[in-house]
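Secondary and tertiary structure notes
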Amino acid sequence: MILPQPQHLERRDGAYTLTNATTLRADDASGPAADALRRALGPATGFTWGPPSDPASAAGITLTVDAARHGPEAYSLTVTSDGIEIIGGDAAGVFYGVQSLRQLLPADAFSSSRVDRTWEVPAVSITDRPRFGWRGTMLDVARHFMPKAFVLELIDLLALHKLNVLHLHLTEDQGWRLAVEKYPRLTEVGAWRPETLVGHAHRPESEYTFDGTPHGGFYTAEDVREIVAYAAERFITVVPEIDMPGHMLAAIAAYPELGNGFKPAEVWKRWGISEQVINLEDSTLDFCRDVLAEVLRLFPSPYVHCGGDECPKTEWKASESAQRRIAELGLADDSADGSGDPGGDTRSPEDALQAWFTGQMADYLAAQGRRFVGWDEVLEGGGPARLPDDVVVMSWRSEAGGIEAARGGLDVVMAPCQYVYFDYYQSEDHDSEPLAIGGHLPLAKVYAYRPIPGELDAEAAAHVLGAQAQLWTEYVPTTEHAEYMLFPRLCAFAEAVWRDGSGEIDEYDVFVAERLRPHLERLDALGVNYRALD
Ligand code: ACM
């Protein structure tokens, strides 16, 4: 019934009936969870719960933090005919207890309008905790801008599924979505494109047509503060991504001096991987650090994602300044094994140059007390040994980068496209689905996903912080479409990162019948445009 499935749940006889006279008592640390409970159940029930007049009364709902009883994010939830007690190991644990409590009620408890009925909570004893500390979802707000209201709605949905990281992919070739005070043209110019490719990019460019409709948008500092605060109240960390040194065409269009000068730069109107990347001159590195400085002011996240994916080396190979930098740094005859034998691995001097850039950004972030996160291409300059040891690798092309990084002692977030890329088709019959980037990622495959690859030993496995679902939005122009791609796959993903991976998991059919189908009624009440089950 509860999704993600709690680690331990025992049904008991009886039930507790919620009324407007129910009292709600919370210790100081449980204040946000108490607010969340009132916010969640107030609209449907009309109940406005206050504290008991007799502080010693054990009846009603009590929310408490007790770190001696449970670990971080863990909780117990006990319902008897006398009352409801949630004890969390920390404030997040109590909040997750509240999310479970909501799901013990009928689905219409999720309605945004008043429902006239009795509200019985079945008696249960639950103890629960997450398997992974990083339970993420990435939203690409750059290919198609997603309005703040949708980001807030998504944060509520992540919280309902006990997910705790929202990674915002803020910059791309096709748009720059974060206002940066020092560089106003990033949004004046970089946040807008005059039109967008119609249909799929995988066809001859001679056949390309464009929609003639300008597209754009960005978040102001005020918007970001609101998003970050809204997320924090729901125990979600917003991890910002500034994708560098590739995927920077919108920035280069705004400030051409960031580029390599081979061709004029425009905010891209099509999808794919642009060969136009930033140069790595001192002034450009200063720009990157300035942008990160603004990011650090706005986002309190301990983790800052600096991209690093899909950076073609064509321009650096032809660029005098990049070649000069390679020579100055002695990267031309360098090798990953330190033997000075350039034949020792497949790394090019330009790969080594990107690894140097990664190190520069990681050092800058470390000096500010934050950790660099990068896509798995950051390993290409010579593997984990060549990176600062606090770098986090997000493994997307497969699990291989994550395995290499974890074995090399780096922390890892698993995000392999084969299992958790929600821009992939949900059916093999593409004609029955809206246009998507490709691939095939059915719900059952997401459900079966296990973030720790079998070949990792315990020491390496301990470096896997968790996993993350990705929604890239080249082919996802609207928020309704984003919901369609995210749900119900995100429900299955929530189970993959919450459940204890040590034992057997329910058959997929059991998951669907016992947990997902009742859960979809909740998503109906919330008005989520999920894809129907097959
Ligand atoms: C990616 O999908 N380029 C990280």
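You'll find the structure just up there.
Below, the structure is looked at part by part. (Residues numbered from 1 in each chain as written. Predicted model: local features only at pLDDT ≥ 70, side-chain atom pairs only at ≥ 80, totals over all residues. Heavy atoms only, no water.)

Quick look at the layout of surface pockets
- Taken as a whole, the largest pocket encloses approximately 440 Å³ of empty space.
- Surrounding the largest pocket, 21 residues form its lining, R39, A40, R102, D156 and L526 being those nearest its centre.
- Those elements that provide at least two residues to the lining of the largest pocket are α1 (31-45), α2 (91-104), α3 (148-160) and α17 (508-526).
- With five residues, α3 is the largest single contributor of residues to the lining of the largest pocket.
- Considering the residues around the second largest pocket, the lining is formed by 18 residues, among which R143, E310, D423, I437 and E474 are closest to the centre.
- Here the lining of the second largest pocket is composed, by residue class, of ten nonpolar, three polar and five charged. (1 Å grid on protein atoms, 1.4 Å probe; cavity = no way out; pocket = protein on both sides within 12 Å on 5 of 7 lines; lining within 4 Å. Points joined across faces, edges and corners; volume = space filled by probe spheres on them. Helix = DSSP H or I, 4+ residues; strand = E, 2+ residues; numbered from the N terminus. Nonpolar A, V, L, I, M, F, W, Y, C, P; charged D, E, K, R; others polar.)

Concerning the packing of aromatic side chains
- Per the stated rule, a full pass over the model turns up 19 aromatic pairs.
- Pairing Y255 with F287 gives two aromatic rings, centres 6.4 Å apart and planes at 50°, and the pair type is tilted. One end of the pair, Y255, is in the loop between α6 (249-254) and α7 (282-298); the other, F287, is in helix α7, and 32 residues separate them in sequence. As far as the burial class goes, Y255 and F287 line up, both buried.
- For the pair Y447 and F511, a centre-to-centre distance of 4.3 Å together with 15° between the ring planes defines the contact as stacked. With Y447 in helix α13 (residues 443-448) and F511 in helix α17, the pair connects residues that are 64 residues apart, well separated along the chain. For the pair formed by Y447 and F511, the shared burial category is buried.
- A connected cluster of aromatic rings, assembled from ring pairs, spans W375, W396, Y421, Y424 and W472.
- Residue placement shows R499 over the ring face of Y447; its charged tip is 5.0 Å from the ring centre. (Phe/Tyr/Trp six-rings, centres within 6.5 Å; stacked < 30°, edge-to-face > 60°. Buried < 20%, exposed > 50% of the residue type's maximum accessible area, 1.4 Å probe, protein only. Lys NZ or Arg CZ within 6 Å of the ring centre and 35° of its normal.)

With respect to unusual backbone geometry
- With an omega of -5°, the peptide bond between M244 and P245 qualifies as cis.
- Here P245 is to be found in the loop between β13 (237-244) and α6.
- A cis amide bond links F487 to the next residue, P488, at an omega of 10°.
- Along the chain, the position of P488 falls in the loop between α15 (479-486) and α16 (489-498).
- Not every positive phi belongs to a glycine, and F235 is a case in point at roughly 60°.
- For F235, the location among the structural elements is in the loop between α5 (221-233) and β13.
- The residue E310 is not glycine, and still its phi comes out positive at about 45°.

A closer look at the sheet that holds strand β7 (residues 134-140)
- Reading around the circumference, β7-β8-β13-β14-β15-β16-β17-β18 is the order of the eight strands in this closed barrel, with parallel pairing throughout. Put simply, the sheet's adjacent strands are angled 30° from each other on average, direction ignored.
- Pairing of β13 with strand β14 (residues 303-307) involves two bridges; the strand directions are parallel. Bridging from a neighbouring strand, M244 pairs with G307 of β14.
- With respect to the sheet, α7 is in contact with β13 and β14, its orientation differing from that of β13 by roughly 170°. (Pairing = 2+ DSSP bridges. Axes fitted to C-alpha atoms, helices over the stretch in contact; angles between N-to-C directions. Contact = heavy atoms within 4.5 Å.)

Let's talk about empty space enclosed by the protein
- Counting across every chain of the model gives two cavities of 30 Å³ or more.
- Counted as a void, the largest cavity has a volume near 40 Å³.
- Along the walls of the largest cavity sit D423, L435, A436, I437, W472, E474, Y475, V476, H481 and M485, which together make up its complete lining.
- Its residues assigned to classes, the lining of the largest cavity comprises seven nonpolar, one polar and two charged.
- Here the second largest cavity defines a volume of roughly 30 Å³.
- Every residue lining the second largest cavity is listed: K313, D351, Q354, A355, T358, E377, V378, E380 and G381.
- Grouping the amino acids of the lining of the second largest cavity by side-chain chemistry returns two nonpolar, three polar and four charged.

Regarding the pairing of strand β6 (residues 119-128)
- Where burial is concerned, most of β6 is hidden: eight out of the ten residues are buried.
- Two elements, strand β1 (residues 8-18) and β6, share eight bridges in a ladder whose sense is antiparallel. From the neighbouring strand, L18 faces β6, where its bridge partner is W119.

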